[in-house]
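A structural walkthrough
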There are 2 protein chains.
Amino acid sequence: MANIAKKVSWSGRGDDRGERTPLLNGDEEVKYNRQVPDTLDYDNSENQLFLEEERRMSHMGFRCLEIRRWVICGLIGFLTGLIACMIDIAVEKLAGYKYFAVKLNIEKYTELGGLSISLILWAVLNSAFVMFGAIAVAFVEPIAAGSGIPQIKCFLNGVKIPRVVRLKTLVIKVFGVICSVAGGLAVGKEGPMIHSGAVVAAGVSQGRSTSLKKDFKIFEYFRRDTEKRDFVSAGAAAGVSAAFGAPVGGVLFSLEEGASFWNQMLTWRIFFASMVSTFTLNFFLSIYHGKPGELSSPGLINFGRFDSDIVQYNLYEIPLFIIMGALGEGNVTLSLYIHRPCLQVMEAMLVAAVTATVSFAMIYFSNDCQPLGQDNTEEYPLQLFCADGEYNSMATAFFNTPERSVRSLFHNPPGTYNPVTLGVFTLAYFFLAVWTYGLTVSAGVFIPSLLIGAAWGRLFGILLSFIASTWFCCVNLTGGIVRMTLSLTVILVEATGNVTYGFPIMLVLMTAKIVGDYFIEGLYDIHIKLQSVPFLHWDAPPTSHWLTAREVMSSPVTCLNRVEKVGRIVDVLSNTSTIHNGFPVVAHTRIICGLILRSQLIVLLKHKVFVERASSRLSQRKLQLKDFRDAYPRFPPIQSIHVSQDERECMMDLTEFMNPTPYTVPQETSLPRVFKLFRALGLRHLVVVDNENRVVGLVTRKDLARYHVGKDGLEELHLAQT
Amino acid sequence: MANIAKKVSWSGRGDDRGERTPLLNGDEEVKYNRQVPDTLDYDNSENQLFLEEERRMSHMGFRCLEIRRWVICGLIGFLTGLIACMIDIAVEKLAGYKYFAVKLNIEKYTELGGLSISLILWAVLNSAFVMFGAIAVAFVEPIAAGSGIPQIKCFLNGVKIPRVVRLKTLVIKVFGVICSVAGGLAVGKEGPMIHSGAVVAAGVSQGRSTSLKKDFKIFEYFRRDTEKRDFVSAGAAAGVSAAFGAPVGGVLFSLEEGASFWNQMLTWRIFFASMVSTFTLNFFLSIYHGKPGELSSPGLINFGRFDSDIVQYNLYEIPLFIIMGALGEGNVTLSLYIHRPCLQVMEAMLVAAVTATVSFAMIYFSNDCQPLGQDNTEEYPLQLFCADGEYNSMATAFFNTPERSVRSLFHNPPGTYNPVTLGVFTLAYFFLAVWTYGLTVSAGVFIPSLLIGAAWGRLFGILLSFIASTWFCCVNLTGGIVRMTLSLTVILVEATGNVTYGFPIMLVLMTAKIVGDYFIEGLYDIHIKLQSVPFLHWDAPPTSHWLTAREVMSSPVTCLNRVEKVGRIVDVLSNTSTIHNGFPVVAHTRIICGLILRSQLIVLLKHKVFVERASSRLSQRKLQLKDFRDAYPRFPPIQSIHVSQDERECMMDLTEFMNPTPYTVPQETSLPRVFKLFRALGLRHLVVVDNENRVVGLVTRKDLARYHVGKDGLEELHLAQT
C-alpha cells in the first residue's frame with residue numbers, strides 16, 4: 001500500500017508526448033521518477049509567421065478575437081454548470097435509491113432480527129457503485145483518480161501532465177465521482193468539479209476534439225499554450241464557482257494558482273465564466289426542483305443560511321479559535337502524510353464495504369435516540385431500536401451523503417447529538433477519509449475534511465456551548481489540509497452566504513497556515529512534490545543569492561545553425577541524451593539569434609520543409625501558422641517521422657520559424673533574478689549568454705525547481721533528470 | 001473653472017525630486033505638461049553591494065526579515081484603523097454639533113417666521129468648516145486634494161508623484177476630510193482613507209520620518225522602491241478595509257492596482273494588514289460607542305444588515321438591472337468628464353454655502369410630510385411645517401451626513417419617500433457632487449455616487465416596486481464611475497454583509513464596465529491621463545506588433561564607462577537634455593556591462609568616491625548599502641553637489657555600484673514583448689542591444705506609455721517629454 005511511484009499515474013505513460021522515454025534500467029520506480037513531465041510554453045514564440053499574422057490583423061480583428069474569447073468563456077461556464085448539475089442530480093438519484101432500499105430493509109429486519117442481511121445489502125450496494133467507478137478509473141484513465149486539483153495546479157504553473165485535459169479524462173472523472181459519492185465513500189465532489197471545468201475549457205477553447213477526431217475549424221487562433229492556459233484558468237474558476245457557489249472565490253483560486261499573469265481583461269473573463277457557471281447550475285437545478293427561476297441556492301455545496309444570532313461571535317472567542325486551529329492542523333496533516341494508499345479496484349471495493357460496515361456497526365451499537373422533530377429535516381431518519389417518535393442520531397450522521405451530513409451538523413438545534421456519538425463519528429470518519437484519499441477513485445478531499453471539522457467543532461461546541469465553533473473547526477481543518485488560503489476564505493464566506501464570518505475565518509485560516517507550514521506542506525503540495533514535478537513556487541529560496549545562472553544552467557547546450565542540415569536536426573531530436581525541448585539558434589561563433597522548439601522542428605520535419613543544398617532558398621515549401629496549430633498539442637514523436645537518406649543531406653532554414661527575440665541573461669545573473677523572470681513571464685527556456693552574446697547555457701524549469709529550502713538552508717533536490 | 005493644468009498639483013513643484021525641471025517656454029500649461037513625474041524602480045538593482053549583503057545573510061536572517069515584514073504590516077493595519085476611527089469620531093461629533101445647532105434654530109424660527117436666519121446660520125457653519133479644510137489643502141499641501149486614489153494607483157503602477165506619501169500630506173488629508181464631510185459637502189471619506197493607509201505604510205516601513213528629521217534606525221533593509229511598494233499595497237488595502245469593512249476587497253484592490261507582482265506571502269501580509277485594520281477600527285469604535293468587544297459593525301461605511309426577504313431577486317429582474325446599468329453609466333461619466341473645477345478656497349466655500357442653500361430651499365419648498373415612526377430611526381427628524389407627529393422626509397435626506405442618507409434610503413420602509421422628492425434630490429445632489437468633485441478639498445467620490453445611485457434606485461424601486469433596485473442602481477453608478485470592478489464587487493458584498501447580492505452586483509458591474517468603456521474611461525483613469533503620467537496599462541495596444549524596440553527606444557543613449565571621469569558624470573547629470581534616470585555602463589566598443597541609476601551616481605558624487613587618475617584603485621573610499629539607504633528616497637539634485645575642478649579630473653569606478661545584469665532585449669523585439677517585460681517585472685529602464693551586445697538604445701516607461709488605442713487604431717500620444 002505504500003508504493004508512491006505507482007500511485008497516481010501522471011508521470012506514467014509517455015506514449016503520446018512526442019518525447020522519448022528512455023528506460024535507463026528495468027526498475028519500475030526509477031523509470032517513473034525518470035519520466036519528467038513536459039513543460040508548457042507560456043511565453044509566445046514570436047516568430048516571423050506569428051508577427052506577420054498579428055500585423056495583418058486590423059483593429060477590428062483584435063476586437064473580434066476578444067469577443068470570441070468572451071463567447072468561449074461563456075460556453076465554458078455554461079458547460080461546467082451543466083456538468084455540475086448533472087453530477088448533482090445523478091448522485092442525488094442514485095444515493096436516494098440506495099438509502100431507500102437499505103432503509104426499507106433495515107426497517108424490515110429491525111423487528112424480525114437479522115440485521116446482518118441489511119448490512120450485507122448495504123455493503124454490496126456500496127461496493128458495486130464503487131467498483132464501477134474504480135474500474136473506469138483504474139483501467140480506462142488512471143489520471144482521473146483523486147481530486148485533480150494538484151494536476152490543475154501544475155498545469156497552471158506550466159507543467160504539462162499527459163492526458164490531464166482530455167475528453168476521456170472528463171468522462172471518466174464525471175462517471176467516477178458519481179459512483180464514489182453514490183457508493184458512500186468519504187469523499188466530496190468539489191475537487192473533481194474543478195478538474196472538469198478545466199477540461200471543458202481546454203476542449204472548448206481549441207474548437208476541436210482530438211479524441212473524437214472532430215475539428216470545428218473555429219478558434220484556431222487559440223491553439224497555443226498561452227491562450228489555452230487563460231481558458232483553463234477560467235474553466236477551473238467556473239468549476240470552483242459551480243462547486244461552491246462562489247464566483248469570486250473561483251476567480252481568486254485561479255489567480256492564486258495561475259499567478260504571474262494577472263491582467264484585468266483576463267480577470268473579467270474568468271469572472272464571467274464563473275458567473276455563468278453558477279447561474280447555469282442554479283437555473284437547471286431550480287427547474288429540476290420544480291421551482292424555475294428561483295436562484296437562491298447557489299453551488300453544489302450549500303450550508304444553508306445561518307441565523308445571525310447564533311454567530312454573534314465576539315472578541316473573547318478569538319484566542320479559542322486560534323488554539324483550536326493550531327491543534328487540529330498539526331494533527332490532521334501529519335496523519336494524511338503517513339498514510340499511503342494503493343491502486344486497486346479491490347481496495348476501493350473493500351473500503352466501500354468497510355465504510356458501510358463501520359457505519360452500520362456504529363449505528364447498531366450506539367443507542368443515541370433523539371425525538372423526531374415536527375419539521376422532519378432529515379430525509380432518512382432511522383428509527384432502529386429507538387422508541388416510536390424517536391430516531392437514531394448516529395444513523396442520521398452516517399446515513400447520508402457527506403454534504404447533507406455537514407449541513408445537519410451545522411443546522412440541527414443544540415442537543416441533537418450527544419458528545420460520545422460525535423466523538424466516535426469524528427474518529428471513524430477521519431480514518432475512513434484518510435484511507436479513502438489514496439484510492440483510485442475520482443474524489444475530492446474538501447467535503448470529508450469539512451465534515452470531520454464540523455463534527456469535531458460540534459463536539460467542542462457542546463463542551464463549550466458555542467455553536468459557532470462548529471464552523472471554525474471546519475474551516476480550520478480544511479484550511480490546514482488544502483492551504484488555498486485567500487481563495488478558500490472567499491469560497492467559504494460565499495458558501496455560507498454570510499460575511500460576518502469573514503473575519504474569524506481569516507484568523508483561523510491564517511493560524512492553520514502558519515502552524516501547518518511549520519510542520520508540513522499542504523496536501524496538494526505534498527502530492528506535487530511526490531511526483532517530482534518541476535513546479536515553480538512563488539519565489540526563489542531566500543538564501544539562493546549565492547547561485548548564479550552559470551551554476552544553475554545546463555551546459556553545454558545543443559545549438560542549431562540558422563540554416564541547418566536535416567540529418568543533424570533528426571540526430572539531435574532522436575538523441576536520448578538531449579534533454580531539452582528548445583534549442584538556441586546561433587550564427588557563426590555561437591552568437592544567439594533565436595530559439596526554436598522541439599515541437600516546431602517536428603512539424604517542419606513532418607512537412608519536409610527542406611531545401612536542397614544547391615538550390616535557391618525560394619524553393620523551400622511555405623509553411624503557415626495553421627500547420628503548427630493543426631499539430632498542436634499532440635506533436636508526433638521523432639521516431640514516427642521518416643526521413644530518407646537523401647533528405648538527410650538537405651538543409652532547413654529556421655529563420656522564419658524560430659523566435660528571433662528569446663529572453664537572455666548574462667552568466668552572472670543571480671538565481672532569484674532568473675527565477676523572477678521565469679515566474680513572471682511563464683518561461684520554459686532561458687538562454688544564458690556571455691559578454692559577446694554567445695550561447696553558453698540554457699536554464700529550464702527543472703534547473704530552477706531543484707532548489708528548495710530545507711531545515712539547514714538551501715537544498716538541492718535530485719529531481720527527475722533523464 | 002476649466003484649467004486642467006492647474007487643477008491637481010501632482011505634476012507641480014518639482015523642487016525636491018533631484019531632477020531639473022527645464023522650462024522651455026513661459027507658457028504655464030506647457031510647463032506643467034513638460035514636468036514628467038519620476039518613475040519608481042520595482043526591479044532590484046542587484047549590484048555587488050546588494051549581493052554581498054544578501055550572501056552574508058543566513059537563513060535565520062531571512063526569517064527575521066520576514067517576521068519584521070509581518071510586524072510592519074500589523075503596525076500599518078493598526079495605525080490605519082486608528083486614523084479611520086479618529087476621522088469617524090471627529091466627523092460624527094462635528095456634524096452632530098452642527099445639526100443640533102441648526103435644528104434648534106430652525107425649530108425656533110419655524111414658528112416665528114424668519115427661516116432665512118436659519119439658512120444663513122447653516123450656510124455659514126458649512127462654509128466655515130470647508131474653509132479650514134480648503135485653506136489647509138490649498139496653501140499647505142495641494143497634493144492632499146481629492147480622494148488620492150489616482151495617486152495611489154500611479155504609485156503602485158510605478159509612477160512617482162512628489163510628496164504623495166509624506167507625513168504632511170497625511171495630516172492635511174485627515175484634517176481636510178474631516179472638515180469637508182463635517183461641512184456638509186457632497187463627499188465621502190473612503191478615498192482619503194485609502195490614501196491615508198498608503199502614507200502610513202510608506203512611513204512606518206521606512207522606520208524614519210524625513211519631515212520630522214527622526215531616524216529610528218530600524219527597518220533599514222526596506223529602504224528601496226521594491227519593498228516600499230509592497231508595504232504601500234498593504235497600506236492601501238488596510239485603508240479600503242477600514243473604509244468599507246472589507247478586508248478581502250482591500251486585498252483585491254491592491255492586487256488589481258499593483259498587479260504584476262502577485263506573490264502568495266505578500267498577499268498574506270496584505271491580508272493581515274487589512275484584517276488588523278478592520279479589527280482595530282471596530283475595537284475602538286466599540287469602546288467609543290460604549291459596547292467594548294462587540295465587533296459586529298465593520299467599516300466606516302455600514303449599510304446595515306439586509307433582510308433577505310427584501311432581496312429575493314429572481315431571474316426576471318436581471319435584464320432590468322442591465323438596462324439600468326447601461327443608462328445610468330453613460331449619463332454620469334459623461335457629465336463628470338465635461339465638468340472641470342478650479343482651485344480656490346472661495347469656490348469651496350461657495351459650494352458649501354450653495355449646498356446648504358439648495359438643501360434648505362428643497363426642504364423649505366417641499367411638503368413631503370411622513371408620519372414619525374415609533375422607532376424613530378432618524379437622528380434629526382425635522383418637523384418644519386408638518387403636522388405634529390410627522391416629519392419632513394426631504395429634510396431627512398439632506399439633513400444628514402451622506403453615509404447616513406444612504407443608509408436611510410436603503411432601510412426605510414416603502415412609502416417613506418415620495419417620487420418627486422427623490423427625483424429632485426437625485427438631480428440636485430448629482431450636480432452638487434459633480435461640482436464638488438473638482439474642489440481643492442480632501443474628499444472621496446465613492447459615497448456621493450453611491451448616494452445618487454441609491455436615491456435614483458429608490459425612485460425606480462417605487463415606480464417598479466422592487467426595493468432591491470435601490471441597491472443595484474447604486475452599485476451600477478459607483479461601478480461606472482470608478483471601475484474598480486472585481487475588488488468593488490467584493491467590497492460591496494462585504495459592506496452589505498450579504499452574499500446573495502453577489503451575483504446581481506457582478507452583472508451590473510460588468511454591464512457598467514462594458515458600456516462605460518465604450519463611451520469613456522473610468523474617472524480615475526481620466527484623472528491619470530490628464531496629468532500625462534506615464535501610466536502603463538495591462539497590455540500593449542493590440543495592433544502594436546508593427547512596432548519594435550528599435551522604433552520605440554530613445555537613441556542615442558548616454559553611456560558611461562566602467563571607470564569614468566568625474567567631470568563627465570557631473571556634466572551628464574547636469575545636462576538638461578539628458579532625460580533618463582538610468583545610464584548603461586559599457587566596456588570598450590559599447591558592450592553593455594551594467595546599468596547605473598542617477599540616484600546612485602548622486603550618492604557616489606556626494607560621498608566623493610573618487611580615485612585619482614594615477615593612484616591605485618584601492619584608495620577609493622568604501623561605500624556601503626547603508627549610504628544609499630540613508631539618502632533614499634529624497635536624493636539631492638545635482639546642482640547642490642559641489643565638485644571642484646581638481647575632483648573633476650578624478651575617476652570613479654562604477655563596478656561595485658552598477659547593476660551588472662540589467663535586462664536587455666534585441667532591437668527586433670516587438671512592442672508587446674517589451675511591454676510585457678516592463679509590466680511583469682516592474683522595470684524602469686530596458687537596455688536595447690544589437691547582435692554583439694552593444695548598447696543601441698534605452699526604453700523607458702514614457703516610451704511605452706505613449707501608445708494608446710484610439711478610434712482608428714494605434715495612436716501616439718504626445719506625452720510629456722522634456
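Residues numbered from 1 in each chain as written. Chains lettered and ligands numbered in written order. Predicted model: local features only at pLDDT ≥ 70, side-chain atom pairs only at ≥ 80, totals over all residues. Heavy atoms only, no water.

1. A look at the overall build of chain A
So the rule is basically this: We count a stretch as a helix when DSSP gives it H or I for four or more residues in a row; a strand needs E for two or more, and each element gets its number in order from the N terminus. In this description, contact between two residues means that some pair of their heavy atoms is separated by no more than 4.5 Å. Each accessible area value is a Shrake-Rupley result obtained with a 1.4 Å probe; residue values ignore everything except the protein chains displayed when judging cover.
A tally of regular secondary structure across chain A gives 28 helices and 16 strands. A sequence separation of at least 24 residues applies to 76% of the contacts in chain A between residues at least 6 apart. When the accessible surface of chain A is totalled, it reaches about 25800 Å², and 60% of it is carbon and sulfur.

2. What to know about helix α6 (residues 149-157) of chain B
Residue and element names in this part refer to chain B. Operational definition: Exposure categories follow from relative accessible area, calculated using a 1.4 Å probe and restricted to protein chains: below 20% of the type maximum is buried, above 50% is exposed, and the middle band is partly exposed.
The buried count for α6 comes to 9 of 9 residues, which makes it a mostly enclosed element. When α6 is considered as a whole, its buried residues turn out to be I149, P150, Q151, I152, K153, C154, F155, L156 and N157. Directly beyond the C-terminal end of α6, a positive phi value near 115° is found at G158.

3. Notes on helix α3 (residues 48-56) of chain A
Residues of α3 of chain A that are buried: L49, F50, L51, E53 and E54 of chain A. For α3 of chain A, the elements touching its buried residues are α4 (59-112) and α25 (625-631) of chain A.

4. Structural notes on the sheet that holds strand β13 (residues 685-689) of chain A
Sheet strands pair via backbone hydrogen bonds, and the direction of the pair is either parallel or antiparallel. Residue and element names in this part refer to chain A. Operational definition: By definition, two strands form a pair when at least two bridges between them are found by DSSP. Every angle, taken between N-to-C directions, lies between 0 and 180 degrees, and every axis is a line fitted to C-alpha atoms, over only the stretch in contact when it is a helix.
A sheet is described by the order of its strands in space; here 3 strands give the open sequence β12-β13-β14, paired in mixed fashion. Every other strand in the sheet has two partners, leaving β12 (664-666) and β14 (695-700) as the edge strands with one partner each. Each neighbouring strand pair of the sheet contributes to a mean axis angle of 35°, computed without reference to strand direction. Alignment of β12 against β13, held across 3 bridges, turns out to be parallel.

5. Side note on the pairing of strand β10 (residues 592-597) of chain B
Residue and element names in this part refer to chain B. A large share of β10 lies buried, amounting to 6 of its 6 residues. Sheet topology places strand β9 (residues 582-586) next to β10; 5 bridges connect them, and they run antiparallel. Its bridge partner being in β10, P584 is matched across the sheet by L595. Hairpin connection, β9 to β10: the antiparallel pair is bridged by 5 residues, and T589 has positive phi, about 50°.

6. Thoughts on the environment of H545 of chain A
Checked against the element boundaries, H545 of chain A lands in the loop between α21 (523-530) and α22 (549-552). Considered as a pair, H545 of chain A and T669 of chain A are 124 residues apart in the sequence and their alpha carbons are 9.4 Å apart. Beyond its immediate stretch of four places on either side in the chain, H545 of chain A contacts S670 and P672 of chain A together with E46, F50, L51, E54 and R55 of chain B.

7. Examining unusual backbone geometry
For the bond from S555 of chain A to P556 of chain A, the omega torsion is -5°, close enough to zero to count as cis. Secondary-structure assignment places P556 of chain A in the loop between α22 and β7 (560-561). A positive phi angle, near 65°, is found at R163 of chain B, a position not held by glycine. Along the polypeptide, R163 of chain B turns up in the loop between β2 (159-160) and α7 (167-182).

8. Structural notes on the confidence of the model for chain A
Reading predicted coordinates in detail is not appropriate for stretches of low pLDDT. Residues and elements named next belong to chain A. Put simply, the test is: The pLDDT value expresses, per residue, how confident the predictor is, ranging between 0 and 100.
Mean pLDDT over chain A works out to 74, with 68% of the residues at or above the 70 mark. Here residues 303-321 is a poorly scored stretch, pLDDT under 50, and it has 47 contacts once near neighbours within four places are set aside; other chains count. The low-confidence segment residues 324-341 (pLDDT under 50) makes 47 contacts with residues lying over four places distant or belonging to another chain.

9. A look at the pattern of salt bridges
Residues and elements named next belong to chain A. The condition that has to hold: For salt bridges, the criterion is a side-chain nitrogen of Lys or Arg within 4 Å of an Asp or Glu carboxyl oxygen.
Using the criterion set out here, one finds 36 salt bridges over all chains in the structure. Residue R629 pairs with E53 through a salt bridge whose shortest N-O separation is 3.0 Å. Placement of the pair is R629 in helix α25 and E53 in helix α3, with a sequence separation of 576 residues. Across the pair, E53 and R629 agree in class, each one buried. The salt bridge partner of E647 is K608, with a shortest N-O separation of 3.5 Å. Highlighted residues: E647 in helix α26 (residues 645-648) and K608 in the loop between α24 (598-606) and α25, separated in sequence by 39 residues.

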